[in-house]
4 protein chains.
Amino acid sequence: MTGSPAIRNPRRNHNRSKQVLDAAAELFSSQGFHLTSMRDIAAQAKMLPGSIYYHFASKEELLLTAYEEGVKRIAYQVDVAIAAERDPWNRLEKASIAHLETLLTRSHYAQLVIQVRPEEIPAIAKVLAQLRDNYEKRFRALVDDLELPEDVSSSYLRLLLLGAMNWAPIWYQPGGDSPRSVAEQFIRLLKPLYSPSK
Amino acid sequence: MTGSPAIRNPRRNHNRSKQVLDAAAELFSSQGFHLTSMRDIAAQAKMLPGSIYYHFASKEELLLTAYEEGVKRIAYQVDVAIAAERDPWNRLEKASIAHLETLLTRSHYAQLVIQVRPEEIPAIAKVLAQLRDNYEKRFRALVDDLELPEDVSSSYLRLLLLGAMNWAPIWYQPGGDSPRSVAEQFIRLLKPLYSPSK
Amino acid sequence: MTGSPAIRNPRRNHNRSKQVLDAAAELFSSQGFHLTSMRDIAAQAKMLPGSIYYHFASKEELLLTAYEEGVKRIAYQVDVAIAAERDPWNRLEKASIAHLETLLTRSHYAQLVIQVRPEEIPAIAKVLAQLRDNYEKRFRALVDDLELPEDVSSSYLRLLLLGAMNWAPIWYQPGGDSPRSVAEQFIRLLKPLYSPSK
Amino acid sequence: MTGSPAIRNPRRNHNRSKQVLDAAAELFSSQGFHLTSMRDIAAQAKMLPGSIYYHFASKEELLLTAYEEGVKRIAYQVDVAIAAERDPWNRLEKASIAHLETLLTRSHYAQLVIQVRPEEIPAIAKVLAQLRDNYEKRFRALVDDLELPEDVSSSYLRLLLLGAMNWAPIWYQPGGDSPRSVAEQFIRLLKPLYSPSK
DNA sequence: GATGAATGAGTGTTCATTCAT
DNA sequence: TATGAATGAACACTCATTCAT
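Structural notes, computed from the coordinates. Just so we're clear, the structure is a prediction, and the values are computed from it rather than from any experiment.

Digging into the overall build of chain A
- A tally of regular secondary structure across chain A gives 10 helices and zero strands.
- Secondary structure elements in chain A, listed N-terminal to C-terminal, are α-α-α-α-α-α-α-α-α-α.
- Counting all 198 residues of chain A, 51% fall into the buried class.
- In chain A, the share of contacts with a sequence separation of at least 24, taken over all contacts with a separation of at least 6, comes to 68%.

And the structure:
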């Protein structure tokens, strides 16, 4: 796993590697890892199955690479969203909107991070879990910045919010409320209580 | 899927069928559907792979049966828990405790309901989703019974709470807080706001 | 490698396992391990490729089992051949005849022991080498029993004889001298010198 | 197999071709033909797999070329070794020493001649066998020059000696006796008998 | 001369399932 | 009821080879 040739040497790469990765991200996120065969990915990328292996060493490496990209993207969206905000609750709200929007509409890569459960792929379960953990640290910090009453656990507030958001792909219907409004609703349910000023 | 012999004649050797089902529930819930082979289940049930098919027509039927049992069990626990309560918030709390306790500690069958994502098994995805939906209606009713401020969406409150609880198996560590206390914390985070009298 | 089902439970075995093993022994010994595919073996055994795996866990296990059988057979032939002999040179000659006859004509299993070089199959190279070594110990003992002049190394005499015989499959033509007569010639080339009586 | 460009124009960049051939000789002789992939050879020669095909038309041609070189080298060593000798037994001894020394220590190319069994590569099996045969004719001549008793077959003496030597790579350990001394021992085992004068 | 990229046939193997006994 | 044995389709992957650039 020291990187495939195309990644080591991206110059002459007619971005076919990206094509493969895109195909993998889409199929893995929509059908899951085990229901997606290398043949499926090859077909989607308009390649022959064997050709994938020029770009990626294994199915697991393909997932891992896509997953990393997913974490990068969702992290980037969240970081951008909160950059200009100072108010702790606003920051949490912006972060939640970015999280849910990326998760639900923006990118197959980001969906991967939520849809694929690390334990499903034992060989790389630990790395995947760590990557996600790393991303979620942002929410830990955001929640810790809130001024909460003493008897309120910031840990559970974080788990409550993140859990609820990560479960959203299960029930979310594209036709209904926008991801943004879902996030706002979640925050509204939590916010007023702990900021008596409002 | 017209039912296997043992299910048509449920009295006959009910034991062995249950043994198979137990094995399936345990393995499906701990490793997932796709990482569990019929051979694994047979081994755990101390049978040969072919023998399973006397009891269940297919891997999917095995999962479906176990899933149904899981829904039944968790539903029963919740129903019992709220039977004696009248206060809406107390009822929601008791239900949440029962939900989380069953989910996290009580039974492999119940874990199945959360751990197995219907879309993972396209052939029976709809039935599974419906079974879960049916169970979760309880929470719809419980939340609707709360007296909430007008600007608060009971739908999103339900989704927030259920999502957070269903995500718990991802981060829950057996050594830490008890499932009961997790549920109480979640409720405490939501409750005070809307019932300022308490 | 704790033994395949059919070997653990040989009773009801309609000796299909043996059919597979026979096919493997023949093909491995005539074409070599790497030029023989599991599909080839299956075809020869009138089975489908997947069916082989009911009997043997892997291609390597198949080879190993056949190789063990080969060692057993050639060892048995040699042991029987020398059982009634007392004179050391006669014993060596009988052993050599048995060795070469089994090797060149009797059985694909025995040919395996010579035709397949352990290093060709790294995963089981050590076991194979040990099995052959174990067999060849017989010749060490037989040569040690000869009364040799002091300046003659019994080690090299053994290596000379065994090497020459094991090389025989390379040049041996079924139409020419019999294996027996080849062995006798080899012994005649070595014997007279060290038995001054002649 | 009409020859690759580099072979048609052997002056041009002879270096790179040799590099490839060296890599092939080393890997083929140490791991065998089938366990060595073109990728392995390319890596060892610090090239990309596709580049090999500028120099050699196929894996088989690569082996054939290296094998020819091996035969040439071992033949040369033997020819040089016996050039100055007149006594038949001395000639045979010198030839054997040269044969074994080249085989066991001198060159991967020479080892190829012994380590690679022609039948392993059906497409060129005959050519390989012929090449080796051609080389071994030397020993036929050397043995025929010995003055042997009438009842001793010079053919079998040759097969005995050559077989024993060619089997040596199987048991030879670099730490032990030198190849020279092995060859001398073999000759000593055969010689005294037929030349009682010595 | 050499490379990046792809090909396509083939490999060993898995696995849900079937069925005669 | 259960088993031994087999099936056949699918799977991830390998590898010699090709070829435009």
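Moving on, there is more to tell.
Digging into the environment of A:Leu103
Residues and elements named next belong to chain A.
- Mapped onto the elements of the fold, Leu 103 is located in helix 6 (residues 88-106).
- For Leu 103 and Pro 169, which are 66 residues apart along the polypeptide, the C-alpha to C-alpha distance reads 7.8 Å.
- Look past the residues within four positions of Leu 103 in its chain and what remains in contact with it is Ile 74, Ala 110, Gln 111, Ile 114, Met 165, Asn 166 and Pro 169.

Section: the interface of chain D and chain C
- Across the boundary between the two partners, chain D contributes 31 residues, which contact 31 residues of chain C.
- When the buried surface of chain D facing chain C is broken down by residue, D:Tyr156, D:Trp167 and D:Leu189 rank first, second and third, together holding 24% of it.
- The tally of links from chain D across to chain C stands at zero salt bridges.
- Between the two partners, chain D and chain C, sit four residue pairs in polar contact (both at pLDDT 80 or more).
- Those elements giving two or more residues to the side of chain D that touches chain C turn out to be helix 7 (108-115), helix 9 (154-171) and helix 10 (179-194) of chain D.
- The greatest single-element share of the side of chain D that touches chain C, amounting to 10 residues, is contributed by helix 9 of chain D.
- Its residues assigned to classes, the side of chain D that touches chain C comprises 18 nonpolar, six polar and seven charged.

Here we look at the packing of helix 5 (residues 59-83) of chain A against helix 6 of chain A
Residue and element names in this part refer to chain A.
- In the contact formed by helix 5 and helix 6, the axes pass within 8 Å of each other and the chain directions differ by 145°. As for the relative orientation of helix 5 and helix 6, their crossing is right-handed in sense. On helix 6, the residues that touch Ile 74, Gln 77, Val 78, Ala 81 and Ile 82 of helix 5 are Arg 91, Lys 94, Ala 95, Ala 98, His 99, Thr 102, Leu 103 and Arg 106.
- A per-class count over the contact of helix 5 with helix 6 returns seven nonpolar, three polar and three charged.

Things to note about unusual backbone geometry
Residues and elements named next belong to chain A.
- A positive phi angle, close to 55°, is found at Lys 46, a residue other than glycine.
- Looking at the element boundaries, Lys 46 is found in the loop between helix 3 (38-44) and helix 4 (49-55).
- When its relative accessible area of 71% is taken as the criterion, Lys 46 is described as exposed.

A short note on the pattern of salt bridges
- Tallying each qualifying case throughout the model produces 28 salt bridges over all chains.
- Between B:Arg180 and B:Glu184 there is a salt bridge, with the nearest N and O atoms lying 3.7 Å from each other. With B:Arg180 and B:Glu184 both in helix 10 (residues 179-194) and four residues apart, this pair spans about one turn of that helix.
- Given the relative accessible area of 37%, B:Arg180 is considered partly exposed.
- The class of B:Glu184 is partly exposed, set by a relative accessible area of 27%.
- We note a salt bridge from C:Glu69 to C:Lys72, for which the minimum N-O separation is 3.9 Å. Taken as a pair, C:Glu69 and C:Lys72 lie in helix 5 (residues 59-83) at a separation of three residues, close to a single helical turn.
- Given a relative accessible area of 57%, C:Lys72 falls into the exposed group.
- Each of A:Glu69, A:Lys72 and A:Arg73 takes part in a single network of salt bridges with overlapping partners.

Some words on the relation of the copies chain A and chain B
- Its rotation angle being 179°, the transformation that places chain A on chain B also includes 0.1 Å of axial translation and leaves an RMSD of 0.1 Å. Look at the turn and shift together and you get a two-fold axis relating the two. Across chain A, the rotation axis passes nearest the C-alpha of A:Ala164, at a separation of 2.3 Å.
- With an isologous cut-off of 70% or more, the 100% of interface residues of chain A that recur at the interface of chain B puts this contact in the isologous class.

Overview of the packing of aromatic side chains
- Overall, the coordinates contain 16 aromatic pairs over all chains when judged by the stated rule.
- Geometrically, the ring pair formed by A:Phe28 and A:Phe33 is tilted, given 5.2 Å between the ring centres and 40° between the ring planes.
- Among the residues examined, A:Phe28 registers a relative accessible area of 0% and is labelled buried.
- Take A:Phe33: its relative accessible area is 3%, and that puts it in the buried class.
- Among the aromatic residues, those joined into a cluster by ring pairs are A:Tyr156, B:Trp171 and B:Phe186.
- The positively charged end of A:Lys59 is found above the aromatic ring belonging to A:Phe33, 4.3 Å away from the centroid.

Section: empty space enclosed by the protein
- The tally for this structure, following the rule as stated, stands at three cavities of 30 Å³ or more.
- Approximately 100 Å³ is the volume attributed to the largest cavity.
- Residue lining of the largest cavity: 14 residues in total, with A:Arg117, A:Trp167, B:Arg117, B:Trp167 and B:Ile170 positioned closest to the centre.
- Contributing elements (two or more residues each) for the lining of the largest cavity: helix 7 (108-115) and helix 9 (154-171) of chain A together with helix 7 (108-115) and helix 9 (154-171) of chain B.
- For the lining of the largest cavity, a count of residues per class yields eight nonpolar, four polar and two charged.

Notes on the relation of the copies chain D and chain C
- Once chain D is rotated about the relating axis by 179° and shifted along it by 0.1 Å, it coincides with chain C to within an RMSD of 0.1 Å.
- Looking at the interface residues of chain D, 100% of them are also at the interface in chain C, so both copies use one shared face.

Quick notes on the environment of A:Leu63
- Within the secondary structure layout, A:Leu63 lies in helix 5.
- A:Leu63 sits 41 residues away from A:Asp22 along the chain, and the two C-alpha atoms are 11 Å apart.

A short note on the nonpolar core
- Residues C:Ile41, C:Leu62, C:Phe186, D:Ile41 and D:Phe186 are the most contacted members of the largest nonpolar core, which totals 132 residues.
- Ignoring any residue separated from it by four or fewer positions in sequence, one finds C:Phe186 in contact with C:Leu161, C:Ala164, C:Met165, C:Trp171, D:Tyr156, D:Leu159 and D:Leu160.
- Residues A:Ala23, A:Ala25, A:Ala66 and A:Ala98 belong to the second largest nonpolar core, which totals 131 residues.

Focus on the interface of chain A and chain B
- At the interface, 31 residues of chain A touch 31 residues of chain B.
- Both faces considered, chain A and chain B share a buried interface measuring about 3200 Å² in area, 68% of it formed by carbon and sulfur atoms.
- For chain A, the biggest contributors to the area lost against chain B are A:Tyr156, A:Trp167 and A:Leu189; these three give 24% of the whole.
- Taken together, the links from chain A to chain B amount to zero salt bridges.
- At the junction of chain A with chain B, the criterion picks out four residue pairs in polar contact (both at pLDDT 80 or more).
- Among the elements that line the side of chain A that touches chain B, the one with the most residues is helix 9 of chain A, at 10 residues.
- Split into classes, the residues belonging to the side of chain A that touches chain B amount to 18 nonpolar, six polar and seven charged.

Scoring rules and cut-offs
- Residues numbered from 1 in each chain as written.
- Chains lettered and ligands numbered in written order.
- Predicted model: local features only at pLDDT ≥ 70, side-chain atom pairs only at ≥ 80, totals over all residues.
- Heavy atoms only, no water.
- Helix = DSSP H or I, 4+ residues; strand = E, 2+ residues; numbered from the N terminus.
- Buried < 20%, exposed > 50% of the residue type's maximum accessible area, 1.4 Å probe, protein only.
- Contact = heavy atoms within 4.5 Å.
- Buried area = accessible area lost by both parts, 1.4 Å probe.
- Salt bridge = Lys/Arg side-chain N within 4 Å of Asp/Glu carboxyl O.
- Polar contact = N/O pair within 3.5 Å; in protein donor to acceptor, adjacent residues only side chain to side chain.
- Nonpolar A, V, L, I, M, F, W, Y, C, P; charged D, E, K, R; others polar.
- Axes fitted to C-alpha atoms, helices over the stretch in contact; angles between N-to-C directions.
- Left-handed = near helix turned anticlockwise from the far one by under 90°.
- Least-squares fit on C-alpha atoms with pLDDT ≥ 70 in both.
- Phe/Tyr/Trp six-rings, centres within 6.5 Å; stacked < 30°, edge-to-face > 60°.
- Lys NZ or Arg CZ within 6 Å of the ring centre and 35° of its normal.
- 1 Å grid on protein atoms, 1.4 Å probe; cavity = no way out; pocket = protein on both sides within 12 Å on 5 of 7 lines; lining within 4 Å.
- Points joined across faces, edges and corners; volume = space filled by probe spheres on them.
- Core = buried A, V, L, I, M, F, W, Y, C linked by side-chain atoms within 4.5 Å.

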